[in-house]
Every structure is written in C-alpha cells, then in structure tokens.
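The residues making up each chain are set out below.
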Amino acid sequence: MIRDDILTLLNNTEDFLSGQEISEKLGVSRTAVWKHINSLKNMGYDIESVNNKGYRLLSSPDLLTADVIMSYLKTDFIKEICYYPKTDSTNIRAKSLSAEGKPSGTLVIAEEQTAGKGRRGRAWISPPKEAIYMSLLIKPDIDVVNASMLTLIAAMAITKAIKELFPKNNDCFIKWPNDVVVGGKKICGILTEMTTEADYIKDVVIGIGINANTKKFDKEISDIATSLYLAYGTNVNRAELVALVMEYLGRYYEVYLKTQDMSNLLDEYNSMLVNIDREIMIIENEKEWHAKALGINDRGALIVETSDGTKKEIISGEVSVRGIYGYV
Ligand code: BTN
C-alpha cells in the first residue's frame, strides 16, 4: 500500500524527503504523495511539511496497527497483521484465525486483552495500550517433540531486540524457558500453544506479552515484574520493538528449522541465559531442590549440576525454575 510505503520511507530517514523524491521512489504522482501524507496526518502522524525541503516525520501515534508496524518491518517473515483495539486473548484469536485459513506468519496484536492467558492457567492482566500483547501464528513442518524449542527462539528474539534498542544497558536476559528479565525482574512472558491432529502439527501460536511502557505494577507483583519504562526511564516505541522482535524471530526460526533443534543457536542462547553458572531452585511436583544451571543442550533442556556433581536434564513444562534469593 502506497501510504505504508511512504511511512516506511519517512521512518527510515531523519532528514526531509521531498515530494519529488517520494514520487520517484514509489512511482506515483506528487499529488498522490500529498494525499497520502494528509491521510497519515489525519491518522495522528506528526509530519512537518516545509516548502522546498519536503516532509519529515516528527512523531508517530503510539498504536500497534498493521500499517504502523509494517512501516518498521524489515522482514518478509510476517505475512499478515491482524490488529484488535480489544480482544479476549491474542492466542485465542490466532487459533481461530488459523482455523479460518490465515497463513503461517500471521501476527495477531491487541491494545487490550480481556482474557489474557498466562502459563499454568494463570491470567495475564492486560490493560490498554501500555504493554504489548501479540501472538505469532506459524504452521511449521516439524516433529511435535521439537515444538517446545520455539519458545526458546522467541525468548532469544525478544532479548536481542531489547538489547538493540537499549544498547547501553546490559541487563536483559532470558530466564529459561519462558521469560525475559531486565535487572532481574520479569519484563516478558511467553505462552506457546500448539494444535495437533494425529501426530502432526496444525499450528503453533507463540503468545508474547511485553511490559513495555507500563508505569506501575500492583504491590503483589512489583518485586518480580518490571517494564522497559520503569527499568530504563523512557517510553519505548512499541511498534518498533514489535517489528524488531519479529525480524529476529524470523532469523532464529530459519536457523532452527534447518536442524529442528538448538544446535546452531546454543552458544548465543546460553550467552543470554540469566541463570547460567548460578544456583537455582527447581520446583518439581511440589518438591524443591537446588542445583547449578550449566546452560541448555541441543534439545532445549536445561542442564543442571547437583552438589554431588551429577548432571541432570530439566525439561520445560515439567518444572518451574527460580533463583535462590529472588526471581532469577
Ligand atoms: C506467562 O505466564 O509468563 C506467559 C504470558 C503470556 C502472555 C501473552 S500476552 C499475548 C498472548 N495472549 C495471551 O492470552 N497470552 C499471551
């Protein structure tokens, strides 16, 4: 769409772009450029127009609509974006959109969820606009047993994107297997759900909740949860973050698909792991035990070492992992 293409051009330059340049680059008339610029202004984009210089984007409306995200996306991994100002849960939406025939690479995004789902049947409180609630629908041709590693690559993509947007801070890590933490507090949770038929995968939905610009948390969770705003003192451009996460997710997914395991991503994953070489508490069927985390293996299991030197594999989904003194 021409309007999206104009937005992409404006987003990717800090300088003025003349109407002539835009019209040549996109092969449309200058009148068409002018019309689309006006429609962007009506959508809430603050675009400066100066005679003999052209147009410059000063600010974007803080919305996660398809065209805003598309204007930042530098990957063809995402085929379609379905945006909802309000929905029950983007995971639920993604599953029904899949059943309606939406393709692999559909990104479902909402400003607010009324029935956001967390892991272990918990609710994911999803007030409007400050955070990011999104679910990526994929239809991978992989073995069912390998699907849990998709959560790990999503965590890598989120961590990588946050590090890129906040390069001065070096405190964003993965808490195996489902969380991303900043400064030791949870900033993001991932809920991956799979639909199978007989022994093949119909679809996988990777649900991602990122506390982006959340200003305050309830007392009960403020010790373990934070947001990018609270941690780094500045509002993040949510659309840019979404686009970057999808770009890295696409790249890691491609690598993962070659072997259907973590073998080619192992070192990078372990370098992002918050628990590495630390003592952790493993909670398994109401039993708790301590061990040192050594990193993940090719299959995405966490390898730990107990005090007598025995090494064990922890499989995600069966256990919960905590730090000894706090969340990590
Ligand atoms: C967790 O318990 O840590 C996982 C939370 C996952 C929340 C996200 S928000 C977008 C997507 N839709 C949902 O209903 N849940 C996930």
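Heads up: the structure comes first, above all this text.
Residues numbered from 1 in each chain as written. Predicted model: local features only at pLDDT ≥ 70, side-chain atom pairs only at ≥ 80, totals over all residues. Heavy atoms only, no water.

(A) Just the overall build of the protein, in detail. A count of helices and strands for the protein gives 10 helices and 14 strands. For a compact globule of 328 residues, the expected C-alpha radius of gyration is about 20 Å, and the protein comes in at 21 Å, within 12% of that figure. Each of the three principal axes of the protein carries a C-alpha extent, and together these read 75 × 45 × 35 Å. The long-range fraction of contacts in the protein, counting pairs at least 24 apart against all pairs at least 6 apart in sequence, stands at 62%. Within the protein, the 45 negative side-chain charges are centred at a point lying 4 Å from the centre of the 39 positive side-chain charges. (Helix = DSSP H or I, 4+ residues; strand = E, 2+ residues; numbered from the N terminus. Rg over C-alpha atoms; globule rule 2.2 N^0.38 Å. Contact = heavy atoms within 4.5 Å. Lys, Arg positive; Asp, Glu negative; His and termini not counted. Charge placed at Lys NZ, Arg CZ, Asp CG, Glu CD.)

(B) Representation of the site of the ligand in the model. Taken together, 20 residues surround the ligand, and among them Ser-89, Gln-113, Lys-117, Arg-119 and Lys-186 come closest. At 2.9 Å, a side-chain N or O of Gln-113 approaches a nitrogen atom of the ligand. One of the backbone nitrogen or oxygen atoms of Lys-117 is found 2.7 Å away from an oxygen atom of the ligand. Isolated, the ligand exposes 420 Å² of accessible area, and the fraction of that covered by the protein chains is 98%. Secondary-structure elements contributing two or more residues to the shell around the ligand are helix 5 (90-99), strand 5 (132-138), strand 8 (185-197) and strand 9 (200-210). (Near = heavy atom within 4 Å. Polar contact = N/O pair within 3.5 Å; in protein donor to acceptor, adjacent residues only side chain to side chain. Areas by Shrake-Rupley, 256 points an atom, 1.4 Å probe, with all protein chains shown as cover.)

(C) Quick peek at the pairing of strand 8. With 4 bridges connecting them, strand 7 (residues 179-182) and strand 8 associate as antiparallel partners. In the strand pairing of strand 8, Val-182 is matched with Lys-185. Where strand 7 folds back onto strand 8 in an antiparallel hairpin, the turn is made up of 2 residues, including Gly-183, whose phi is positive at roughly 55 degrees. Where strand 8 and strand 9 come together, 10 bridges link them in antiparallel fashion. Each residue of the ladder has a partner; that of Glu-193, found in strand 9, is Val-205. The antiparallel pairing of strand 8 with strand 9 creates a hairpin that spans 2 residues between the two strands, and Ala-198 there sits at a positive phi of about 50 degrees. (Pairing = 2+ DSSP bridges.)

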